[in-house]
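Examining the three-dimensional arrangement
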Amino acid sequence: MSDPRVLLQAFAGVSGDGPRAEWLGRYLNASGFRVCQDELGNLWAGQGSLLLVAHLDTVLTPSEPLAQDGRWWAPAVGDNSSGVAVLLSLAEQLIPQGVTLAFSVGEEGLGNLRGARALVAKLRPQAMVAVDGYLPSVVAQAVGSTRLRAVFTGPGGHAWGDRGQKSPVPALGQALAALYKLAKPENASLNVGRVFGGEAINAIPREVGLELDLRATDPLVLETLENQSRQILMEAAGPFGVGLELEVLGRRPAGHSATPKMIQAAKEALKGVGLEAQITPGSTDASAGVERGIPALAFGVYRGGGAHTPQEWVEPDSLLLGQQALAELVRRLLGEL
């Protein structure tokens, strides 16, 4: 086993999916492994019934970690550079045991799990573990999501000279207010993450819009929430005489993704390093297994905070705990396959 802290120091500041994949490929090749890469940018080494995958893409641009107060600080130093470092540190131990180690793209943002979905389709594993998240979290249920872009359109014009023209702005405002008043169960969420439009302060906008993220642990709840949201958006456009364009930006499946034996193996692996597993729902690369009926979970391997912010941090020594727990989880899962 390699030291994941050393790997994290070397890898964390590498920026961009391409350069990060190249760095990982060079490391694995130097370790004597044959590396495969697809047209999306995923790469993997080894061949086996158990697939371990850590996403290499990030939300913010990575930078070199700064050590302070027993922590390492940098954008993306945790999510998911630390997951990559822990998984990579076990390559020499796990690949000879018949495990496939993979590093995926398209997990963050509007990636729509394209990397993990392609890996699952191509490699056809019997079980899957996404190496992602904080110790001692175990994501055993996939949170589904639907992401929509709604654009309200009008003729536009001069703010004074065309002051009688219909504007799409009131429709956007009504839609926003109605969306946030929508009743939701505990296992669902609604978020407008982006609002956009307009050309100038003295011009009536030709188009304005929003991007909407809907999530739920139950597929039927997610479907209902999407239908209600679509109805709200359509009803907002009508009274103001403006157009509406709706686009689906992405979908992630909802449902249970881990077997009881997998969950028990994760609990025992964490117990072995003195931690009690926190079983939680989440949206990770493991969700790609749900669509294929493949047992899957996500396993956290470091302590940290501030994910998706410039102030992200990790406790570097916690990666050693994550490494030990992940190795034990794999040992137990291989015994079940």
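The structure this text deals with has already been given above.
Right, let's walk through the structure included here. (Residues numbered from 1 in each chain as written. Predicted model: local features only at pLDDT ≥ 70, side-chain atom pairs only at ≥ 80, totals over all residues. Heavy atoms only, no water.)

1. Considering the sheet that holds strand β5 (residues 71-73)
Test applied: In this analysis, strands are considered paired if DSSP registers two or more bridges between them. Helix and strand labels come from DSSP, where a helix needs a run of H or I of at least four residues and a strand needs a run of E of at least two; each type is numbered from the N terminus.
The strand order across the open sheet formed by four strands is β4-β5-β19-β18, and the pairing between neighbours is antiparallel. This sheet does not close on itself; its edge strands, each paired only once, are β4 (66-68) and β18 (304-305).

2. Thoughts on helix α2 (residues 17-30)
Note the threshold: Here the expected length of a helix is defined as 1.5 Å per residue gap, with one fewer gap than residues. In what follows, a contact means two residues having at least one pair of non-hydrogen atoms within 4.5 Å.
Here α2 is 14 residues long and its end C-alpha atoms lie 20 Å apart, about the 20 Å a rise of 1.5 Å per residue gives. Those residues of α2 hidden inside the fold are in contact with α1 (4-11), β1 (35-37), β2 (43-45), α3 (81-89), α4 (91-94) and β6 (99-104). Gly32 sits one or two positions beyond α2 and adopts a positive phi of about 95 degrees.

3. Considerations on the packing of α2 against α3
The following threshold applies: Angles run from 0 to 180 degrees between N-to-C directions of axes, and those axes are lines fitted to C-alpha atoms, restricted for helices to the stretch in contact. Roughly parallel means an angle under 35 degrees; roughly antiparallel, over 145; roughly perpendicular, 65 to 115; everything else is oblique. Left-handed is the label given to a crossing in which the near helix is rotated counterclockwise from the far helix by less than a right angle, and right-handed is the label when the rotation is clockwise. Here the nonpolar group is Ala, Val, Leu, Ile, Met, Phe, Trp, Tyr, Cys and Pro; Asp, Glu, Lys and Arg are the charged ones; every other residue, Gly included, is treated as polar.
Put simply, α2 and α3 touch, their axes get as near as 12 Å, and they point 15 degrees apart. One way to sum up the angle between α2 and α3 is to call them roughly parallel. Crossing handedness for the pair α2 and α3: right-handed. For the pair α2 and α3, contact is made by Arg20, Trp23, Leu24, Tyr27 and Leu28 and by Ser81, Val84 and Leu88, respectively. Counted by class, the contact of α2 with α3 contains six nonpolar, one polar and one charged residues.

4. A closer look at the nonpolar core
Let me state the cut-off plainly: Put simply, a nonpolar core is a bunch of buried Ala, Val, Leu, Ile, Met, Phe, Trp, Tyr and Cys residues held in one set by side-chain atoms that sit within 4.5 Å of each other. Here the term buried applies to any residue with accessible area under 20% of the maximum for its type, exposed to any over 50%, and partly exposed to those in between, with areas from a 1.4 Å probe on protein chains only.
Counting 60 residues, the largest nonpolar core has Phe103, Phe299, Leu326 and Leu329 as its most contacted members. Filtering out sequence-adjacent residues up to four positions away, Leu326 remains in contact with Val86, Leu87, Leu90, Val131, Phe299 and Val301. Of all hydrophobic cores here, the second largest spans 23 residues; its members include Leu148, Ala171, Ala216 and Leu225.

5. Concerning the sheet that holds strand β9 (residues 144-153)
With antiparallel pairing, the four strands of this open sheet are ordered in space as β11-β13-β9-β14. With partners counted over all chains shown, the strands left at the sheet margins are β11 (188-197) and β14 (243-252), one partner each. Neighbouring strand axes in the sheet, compared pairwise and without regard to direction, differ in orientation by 15 degrees on average. In this sheet, strand β13 (residues 207-216) lies alongside β9 in antiparallel orientation, the contact comprising 10 bridges.

6. Overview of the pattern of salt bridges
Inclusion rule: A side-chain nitrogen of Lys or Arg and a carboxyl oxygen of Asp or Glu constitute a salt bridge if their distance falls within 4 Å.
Within the structure shown, the criterion is met by 15 salt bridges. Of the charged contacts, one joins Arg5 and Asp317 as a salt bridge, the two residues approaching to 2.8 Å between their closest N and O atoms. Residue Arg5 is located in helix α1, and its partner Asp317 is located in the loop between β19 (313-314) and α10 (318-336); the two are separated by 312 residues in the primary sequence. What makes Arg5 partly exposed here is its relative accessible area of 24%. For Arg206, the salt bridge goes to Glu199, with nearest N and O atoms at 3.6 Å. Here the residues in one salt-bridge network are Arg149, Arg194, Glu211 and Glu247, joined through shared partners.

7. Quick look at the pairing of strand β8 (residues 137-142)
Taking burial as the measure, the six residues of β8 include five buried ones, the bulk of the element. Relative to strand β16 (residues 278-282), β8 runs parallel, the two being bridged by five bridges. Following the sheet pairing, Ser137 is matched in β16 by Gln278. Pairing between β8 and strand β17 (residues 296-299): two bridges, direction antiparallel. Pairing of Val139 across the sheet is with Ala298, part of β17. As judged from the two bridges shared by β8 and strand β15 (residues 255-256), these two strands associate in the antiparallel manner. Counted as the bridge partner of Gln141 is His256 from β15.

8. Quick word on the environment of Thr280
Looking at where Thr280 falls in the secondary structure, it is placed in strand β16. The class for Thr280 is partly exposed, based on a relative accessible area of 29%. Residues Thr280 and Asp317, spaced 37 residues apart in sequence, show a C-alpha to C-alpha distance of 24 Å. Setting aside its immediate chain neighbours within four residues, Thr280 contacts Ser137, Val138, Val139, Ala140 and Gln141.

9. Thoughts on the environment of Gly157
Structurally, Gly157 can be placed in strand β10 (residues 157-158). It is 37 Å that separates the C-alpha atoms of Gly157 and Ser145, two residues lying 12 residues apart in sequence.

10. Quick look at the side chain of Asp79
Test applied: Charged residues are defined narrowly, with Lys and Arg counted positive, Asp and Glu counted negative, and His plus the chain ends left uncounted. What qualifies as a polar contact is a pair of N or O atoms within 3.5 Å, subject to a donor-acceptor requirement within protein and to the restriction that residues adjacent in sequence count only when both atoms come from side chains.
Along the chain, the position of Asp79 falls in the loop between β5 and α3. Arg20 is the oppositely charged side chain nearest to the buried, salt-bridge-free Asp79, at an N-O distance of 8.4 Å. A polar contact is formed between the side chain of Asp79 and the side chain of His55, at a distance of 3.1 Å. There is a polar contact of 2.9 Å between the side chain of Asp79 and the side chain of His308.

11. Comments concerning the packing of aromatic side chains
Note the cut-off: Stacked, tilted and edge-to-face pairs are distinguished by plane angle, under 30 degrees for stacked and over 60 for edge-to-face with tilted covering the rest, among Phe, Tyr and Trp rings (Trp via its six-membered ring) whose centres lie within 6.5 Å. Working rule: Lys NZ or Arg CZ, within 6 Å of ring centre, within 35 degrees of ring normal, means a charge sits over the ring.
Taken as a whole and assessed by the stated rule, the structure comprises four aromatic pairs. On the basis of an interplanar angle of 55 degrees and a centroid distance of 5.3 Å, the ring pair of Phe11 and Trp23 is categorised as tilted. Here Phe11 is found in helix α1, whereas its partner Trp23 is found in helix α2, with 12 residues between them in sequence. Grouping residues by exposure puts Phe11 and Trp23 together as buried. Geometrically, the ring pair formed by Trp23 and Tyr27 is stacked, given 6.0 Å between the ring centres and 5 degrees between the ring planes. You can see Trp23 and its partner Tyr27 sitting in helix α2, four residues apart, about one turn around the helix. Classification of Trp23 by relative accessible area gives buried; the value is 16%. Taken together, the ring pairs connect Phe11, Trp23 and Tyr27 into an aromatic cluster. Above the plane of the ring of Trp313 lies Arg71, whose end atom (NZ or CZ) is 3.5 Å from the centre.

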